[in-house]
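# Analysis of the macromolecular model
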Amino acid sequence: SGRLAMRLRGEQVDLRAMLADTIGYDGLRGRGRIDAELRSQGRTVGAVRAGLSGRLSLALRPAALRGVDLAQTLRGWRTASASGSDTVASDAQRQTEFSQLDGSFEIRDGVGRNADLDGRSDFLRVGGEGSIDLVQSRVDYLLRAPRTGAKWHEELYNAVGFPRVFFLRYHGYSAYFPLWALARY
């Protein structure tokens, strides 16, 4: 009848290897806890994807998202903005690294919906919600840079003066930096 069911609870699972082997996707890397209950039916790969339903949660420590390096993109954007350009080229070999990446998905008819994405790194913290459509190979996400008040608290200097002599701090940087980062995509 072509029916499939899977229950997976694992620790220290290599998500990149699992995704590459099962659906041919190599854009998300990480190792950690995965909890899934999935079911589908169909006689072709496309039919199985279209019928996929269930739930999936993951907690990766560390993780990386291939295709964009937010730190490098922002540095490039600052340089491009100073020269009058407003675009930065993307590169599939770049990646944004996270110290942790958590989220849970409800999957129905091949579309996974998520409302609790939480990614953290030394560079940036992002939250978000959206969907991943396995049938159409489409990702639709709204990312947020959570913070309290109007700005995040910046302990360190955020600009260079003369290295090892003095450093600068732009006080408005924490107010507009998240908008720069998210506006690029």
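As a reminder, the structure under discussion sits directly above these lines.
All of the points below concern the structure found in this document. Given the structure is predicted, the values throughout are model-derived calculations rather than measurements.

## Some details on the overall build of the chain
When its secondary structure is counted, the chain shows 4 helices and 10 strands. Going residue by residue from the N terminus, the α and β elements of the chain occur as β-α-β-α-β-α-β-β-β-β-β-β-β-α. Burial analysis of the chain (185 residues in total) assigns 34% to the buried set. Once local pairs closer than 6 in sequence are excluded, the contacts in the chain between residues at least 24 apart make up 52%.

## What about a nonpolar patch on the surface?
A cluster of nonpolar side chains, contributed by Ile23, Tyr25 and Leu65, occupies part of the molecular surface with about 230 Å² of accessible area. A residue is classified by how much of its surface remains accessible, and Ile23, at 32% relative accessible area, is partly exposed.

## So, the pattern of salt bridges
A full pass over the atoms with the stated rule returns 13 salt bridges. In this structure, the salt-bridge partner of Arg9 is Glu37, at a minimum N-O distance of 3.1 Å. Here Arg9 is found in strand β1 (residues 3-14), whereas its partner Glu37 is found in strand β2 (residues 28-41), with 28 residues between them in sequence. Glu37 is paired through a salt bridge with Arg55; the nearest N and O atoms lie 3.0 Å apart. Of this pair, Glu37 sits in strand β2 while Arg55 sits in strand β3 (residues 53-66), and the two are 18 residues apart along the sequence. Judged by relative accessible area, Glu37 falls into the partly exposed class, the value being 26%. For Arg55, a relative accessible area of 26% gives the class partly exposed. Within this structure, Arg7, Arg9, Asp35, Glu37 and Arg55 form a network of salt bridges that share partners.

## Comments concerning the side chain of Ser40
For Ser40, the position within the fold is in strand β2. The class of Ser40 is buried, set by a relative accessible area of 9%. Here the side chain of Ser40 touches Leu52 through a polar contact of 3.4 Å, landing on its backbone nitrogen. Beyond its immediate chain neighbours, meaning those up to four positions away, Ser40 contacts Gly2, Arg3, Leu4, Ala47, Val48, Gly51 and Leu52.

## Points about helix α1 (residues 15-23)
In an α-helix, one turn spans 3.6 residues, which is why side chains three or four residues apart end up on the same side. Its side-chain oxygen at 3.2 Å from the backbone nitrogen of Arg16, Asp14 defines the N-terminal cap of α1. Positive backbone phi, at 75°, marks Gly24, one or two positions downstream of α1.

## Details of the pairing of strand β6 (residues 111-120)
Strand direction decides the pairing type here: strand β5 (residues 100-108) and β6, joined by 6 bridges, are antiparallel. Residue pairing for β6: Gln100 is matched across the bridge by Arg120. Remark: 2 residues form the turn of the hairpin made by β5 and β6, two consecutive strands paired antiparallel; Asp109 in that turn has positive phi of roughly 50°. Alignment of β6 against strand β7 (residues 125-133), held across 8 bridges, turns out to be antiparallel. Pairing of Arg120 across the sheet is with Arg125, part of β7. In sequence, β6 turns back onto β7 through a hairpin of 4 residues.

About the criteria used
Residues numbered from 1 in each chain as written. Predicted model: local features only at pLDDT ≥ 70, side-chain atom pairs only at ≥ 80, totals over all residues. Heavy atoms only, no water. Helix = DSSP H or I, 4+ residues; strand = E, 2+ residues; numbered from the N terminus. Buried < 20%, exposed > 50% of the residue type's maximum accessible area, 1.4 Å probe, protein only. Contact = heavy atoms within 4.5 Å. Patch = residues over 30% accessible without salt bridge, like charges linked within 9 Å, V, L, I, M, F, W, Y side chains within 5 Å. Areas by Shrake-Rupley, 256 points an atom, 1.4 Å probe, with all protein chains shown as cover. Salt bridge = Lys/Arg side-chain N within 4 Å of Asp/Glu carboxyl O. Polar contact = N/O pair within 3.5 Å; in protein donor to acceptor, adjacent residues only side chain to side chain. Pairing = 2+ DSSP bridges.

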